[in-house]
Amino acid sequence: MLAEFFPNADLAFGVLGTELWSRQGLGLAAKATRRLGRAGAAEFAGRLLVSARDRLRETFSSERAHGLLAPWVLHTGLGPDAAASGYMAEVIAVAVQEGGMPIPHGGGDRLSEALAGLIREHGGRLETEAEVERVLVAEGRATGVRTTTGATVTAARAVIANTTPTQLYGRLLDATVEPRAQRFRYGRSEMQIHFALSEPPRWEGDERLGGTAIVHLTPGLDGVSRAVNEADRGLLPRRRPSSSASP
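Reading the values: the criteria
The residue count restarts for each chain, going from 1 along the sequence in the order it is written. The predicted nature of this model means local features are confined to residues of pLDDT at least 70 and side-chain atom pairs, given and counted, to a pLDDT of 80 or more, with totals for whole chains, interfaces and linings taken over all residues. Side-chain measures were taken over the full set of non-hydrogen atoms in the model, leaving aside hydrogen atoms and water. The secondary structure listing takes helices from DSSP runs of H or I that are at least 4 residues long and strands from runs of E that are at least 2 residues long, numbered from the N terminus. By definition here, a helix of n residues has an expected span of 1.5 Å times n minus one. By definition, residues are in contact when any of their heavy atoms lie within 4.5 Å. Pairs of N or O atoms are called polar contacts if they sit within 3.5 Å, as long as, within protein, a hydrogen donor faces a hydrogen acceptor (for residues adjacent in sequence, only side-chain-to-side-chain pairs). Paired strands, as defined in this entry, are two strands with at least two bridges between them according to DSSP.

### Topic: helix H9 (residues 221-232)
Here is step 1: In a regular helix each residue adds 1.5 Å, so 12 residues correspond to 16 Å; H9 covers 17 Å between its end C-alpha atoms and thus fits that length.
Here is step 2: Buried residues along H9 sit against helix H4 (52-59) and helix H5 (63-74).
Here is step 3: One or two positions beyond H9, positive phi appears at Gly234, with a value near 80 degrees.

In structure tokens form, the structure reads like this:
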């Protein structure tokens, strides 16, 4: 799998970081056509749409391999039978194989602290516990935000809102700015719960599990698929599709 992936790894990862319907997307398509030819580029694009079930079964004969990789697809918001989930499973497998699962010393919050430090080093300022009441708009452009305390923060370039469409267009902005937002329908979501333990979990059967960054507990490919299908129909899965533990 790795031998097939790496010759066109730049194209595969390029898809993740490029808006396809843009000039950059057109450039990526042209690059794929020059390298692979028209037929090869079409085949490459078609393989991006294959499901994880099909990709895993054609690549691995072991059910354990299927169970190993299928839960990772859930991290992308897809199920193993969804279009493009095979591509995501492959990308994640390559990333984990080549880069491992690095974890910051001292816990995951160290990563947030490091990112905050980068912002401060470049002259940025972070303000927490400040609730934004409204995104201010002038002449069709976001110019800043107003907090619930009445304070105003102006934007030199843009306002980036890390919110749901319902919050953005239903509360922070005038809904008439984007009428289509009123028709937005939420899809299936996922969540991750972190527990503070007094000591790392102790695994029976194989001591190497204690040194693994993330262990997915799952009934396998079919179990993950079944649980996702139940969730898509608004049902609580009869069996959890995947739970994970980190040391």
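### Some words on the side chain of Ser85
Here is step 1: Topologically, Ser85 is positioned in helix H6 (residues 85-99).
Here is step 2: Of the polar contacts made by the side chain of Ser85, one reaches the backbone oxygen of Ala82; its length is 2.6 Å.
Here is step 3: Leaving out residues up to four positions away in the same chain, Ser85 has contacts with Val50, Ser51, Ala52, Val73, Leu78, Gly79 and Pro80.

### Section: the pairing of strand S2 (residues 141-147)
Here is step 1: Examined bridge by bridge, strand S1 (residues 132-138) and S2 share six bridges and lie antiparallel to one another. Its bridge partner lying in S2, Val132 is registered against Thr147.
Here is step 2: In this antiparallel pair of consecutive strands, S1 and S2, the connection spans two residues, and Glu139 shows a positive phi of 55 degrees.
Here is step 3: Examined bridge by bridge, S2 and strand S3 (residues 152-154) share three bridges and lie antiparallel to one another. Along S3, the bridge assignment pairs Gly144 with Thr154.
Here is step 4: Once S2 ends, the chain turns through four residues before running back antiparallel as S3, passing Gly150 with a positive phi of about 95 degrees.

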